[in-house]
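Chain by chain, the residues:
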Amino acid sequence: MTSRLLNQIGLFFAALVFVSPAILFFLWMISLSLKFEIDNGAYPPILIPEHLAWSNYAKVFEENNFLLYFWNSVLVTGTATLLALLIGVPAGYGIARLKAERSAVVIMIARMTPGLSYLIPLFLLFQWIGILGTLWPQIIIHLVVTVPIVVWVMIGYFETTPMELEEAANIDGASSWQVFRLVALPIARPGIVVAFILSIIFSWNNFVFGIVLASRETRTLPVAVYNMLSYEQVSWGPLAAAALVVTLPVLVLTMFAQRQIVAGLTAGAVKGG
Amino acid sequence: MSATTPERTGVTIEAIEGSQTIRLAPNYWPFVVPALVVVGAVIVFPWAFTLWMSVNSWTLGQARSFAGMENYLRLASDPRFWESLLHTLSYTFLSVIAPMFLGTVAALIFDAKFPLRGLLRGVFVMPMMATPVAVALVWTMMFHPQLGVLNYLLSLVGIPAQEWIFNAKSVIPSLVAVETWQWTPLVMLIVLGGLASVPREPFESAEIDGANAWQQFRYLTLPMIAPFLMIAMIIRTIDALKSFDIIYAMTQGGPGTASETINIYLYNTAFSYYDIGYGSAMAVVFFVVIVALSFILLMLRQRSQWIDVEGK
């Protein structure tokens, strides 16, 4: 009995060793974001300062227009994800029922392709159409990330849902669309949630499309944070606060939807970008 | 099941032999068409366009002219390209090996039962979901040679200060450390999925036969999770080859060109020098490199004797 207890304690500490880089990183990130310049420049470094610099966060929103960039991120990620669901859920259904496994290859190729190779032609296209100053170029190019994720997750999901109900509805004279909407779709709701969450996260985190396509008014958060670094006399406090503001939404989502994320990632093993 | 397999095209009325039912075979193509249109517009069109541009000499703002294979020949004799290829390969090699090893060990730990397992696993997964640019910024501060927390931690155990990403010699290993920090959890999750599918019985009989823990791992666990390791390795290879955010946000390929991978060089060519034709040729070659390496790994996977878990 005691050896089993010792074993468990040993495992706990082994796990702690593996988790500690993550814990230390996020603790340090929070610490940096809450320190005044004088504390951030101190040696040896201070983890918990005497005076908390909440003003760093105020600075991020007041001086760097982060409210606008936050809203841009919400619009780009939200629209690209909703469009991807609208297109990708039926597609996943169709592909699963057609047993068109080859179409999965297209998605694998999309996954292998570096984002930059989409950027050159689409950048030129957007320039010709004349929509570069708007959010549309980013919304459209984010579909490169979101559509494959949604289709991939949904193929996997619809392949596991039973056919019997759909067949019964079909015999009763329901049209394909009715079968999909009234029978297949309600069963697939957990799969849609997984696709939705993964699509949101990878679209939100995307950086490379924004640095090319965004102008001053259409920056998303990752681009805005990067620009703070390159164009300002860098002060660490506000910079770390900005980094935390950018990544906090996805971290919160990760904590609440951990089970769905793990299920989605291990089933399809997808990552956008 | 086969009798109910839907027709692939058109709405057809078919009488199934042996039954009186007349059924309308569902038509699934309309479900796929919108996605096909979008994939065509945002994936296939860019590819076709890239191929076409790669055989043209074209810098934005200047006249375009047909160049044939000129861009590709220029690539072959461009030392900066070869250097970037070398950086890409060494970055990828290290960014596959380290997360694979650490992720597998972490999966073995998290597969066992111990207090607070769920919570710790949750924290362990978080780096993977964090926004790469935000991660890169904070790591840059931690790598700071004078004020960074990492050199302070090293000084506590008597190791001299390092220059991390600010030195041409240590920049790639330092970037790999960040990449490993972020993506080890993905390997862990995939391997953990594999471990969950491993049956108990062989281990019980192995124990009776007197196999020790290492032997059980080596001869039972490892072969059974091998397909999952292979999947993790392929995904990791593709992602490491394509890595952009972390490198660009932390070093822009510097110091000098010491951490300039193909992806970064490609970005600079197309969007700093606006040399669209040359950048497109580079994109094509880069894609071929990624596909070739993935293909080699897939071949390795199929040649081996491992059981196939994909056919679910």
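The structure presented is a predicted model; accordingly, all values stated were derived computationally and were not measured.

**A look at the overall build of chain B**
Okay, so step 1: Of the regular secondary structure elements, chain B holds 12 helices and four strands.
Okay, so step 2: Per-residue burial over chain B gives 42% buried out of 312 residues.
Okay, so step 3: Here the contacts in chain B between residues at least 6 apart in sequence split such that 68% fall between residues at least 24 apart.

**Points about the overall build of chain A**
Okay, so step 1: Along chain A, the regular secondary structure elements total 14 helices and zero strands.
Okay, so step 2: Principal axes of the C-alpha set define a box for chain A whose edges measure 75 × 70 × 30 Å.
Okay, so step 3: By residue count, 50% of the 273 residues in chain A fall in the buried class.
Okay, so step 4: Across chain A, every contact between residues at least 6 apart in sequence was considered, and the portion connecting residues at least 24 apart equals 78%.

**Brief notes about the packing of helix H7 (residues 136-160) of chain A against helix H1 (residues 29-54) of chain B**
Okay, so step 1: Where H7(A) meets H1(B), the closest approach of the two axes is 10 Å, and the angle between their N-to-C directions is 135°. The angle between the axes of H7(A) and H1(B) places the two elements in the oblique class. Handedness of the crossing formed by H7(A) with H1(B): left-handed. Residues Ile140(A), Ile141(A), Leu143(A), Val144(A), Val147(A) and Val151(A) of H7(A) form the contact with H1(B), whose participating residues are Ala35(B), Val38(B), Val39(B), Val42(B) and Ile43(B).
Okay, so step 2: The residue inventory of the contact of H7(A) with H1(B), partitioned by class, reads 11 nonpolar, no polar and no charged.

**Examining the nonpolar core**
Okay, so step 1: Formed by 169 residues in total, the largest nonpolar core has its most connected members in Val225(A), Ala243(A) and Val138(B).
Okay, so step 2: With 16 residues, H7(A) is the largest single contributor of residues to this core.
Okay, so step 3: Ignoring anything within four residues of it in the chain, the contact list for Ala243(A) reads Met29(A), Val225(A), Ala134(B), Leu137(B) and Val138(B).

**Structural notes on the UniProt feature "transmembrane region" (unreviewed entry) in chain A**
Okay, so step 1: The positions that UniProt labels "transmembrane region" (unreviewed entry) are, in the present scheme, residues 9-30, 69-93, 105-129, 135-158, 191-214 and 234-256 of chain A.
Okay, so step 2: Helix makes up 96% of residues 135-158 of chain A and strand 0%, whereas the separation of the span's terminal C-alpha atoms amounts to 33 Å.

**Section: the interface of chain B and chain A**
Okay, so step 1: The partner chain A presents 78 residues to the 75 residues of chain B that form the contact.
Okay, so step 2: Tallying contributions element by element places H1(B) first for the side of chain B that touches chain A, with 12 residues.
Okay, so step 3: Looking at the side of chain B that touches chain A, its residues break down into 59 nonpolar, 11 polar and five charged.

**Section: the environment of Pro44(A)**
Okay, so step 1: Here Pro44(A) shows up in the loop between helix H2 (37-40) and helix H3 (55-63).
Okay, so step 2: Considered as a pair, Pro44(A) and Arg181(A) are 137 residues apart in the sequence and their alpha carbons are 62 Å apart.

**Thoughts on the confidence of the model for chain A**
Okay, so step 1: When the pLDDT values of chain A are averaged, the result is 87; 95% of them are 70 or greater.
Okay, so step 2: Per-element mean pLDDT across chain A ranges from 73 in helix H14 (residues 258-268) of chain A up to 94 in helix H4 (residues 66-98) of chain A.

Conventions used here
- Residues numbered from 1 in each chain as written.
- Chains lettered and ligands numbered in written order.
- Predicted model: local features only at pLDDT ≥ 70, side-chain atom pairs only at ≥ 80, totals over all residues.
- Helix = DSSP H or I, 4+ residues; strand = E, 2+ residues; numbered from the N terminus.
- Buried ≥ 20, exposed ≤ 12 C-beta atoms within 10 Å, placed from the backbone.
- Contact = placed C-beta atoms within 7 Å.
- Axes fitted to C-alpha atoms, helices over the stretch in contact; angles between N-to-C directions.
- Parallel < 35°, antiparallel > 145°, perpendicular 65-115°, else oblique.
- Left-handed = near helix turned anticlockwise from the far one by under 90°.
- Nonpolar A, V, L, I, M, F, W, Y, C, P; charged D, E, K, R; others polar.
- Core = buried A, V, L, I, M, F, W, Y, C linked by C-beta atoms within 7 Å.
- UniProt positions renumbered as here; feature names shortened; annotations may be inferred.
- pLDDT = per-residue confidence, 0-100.

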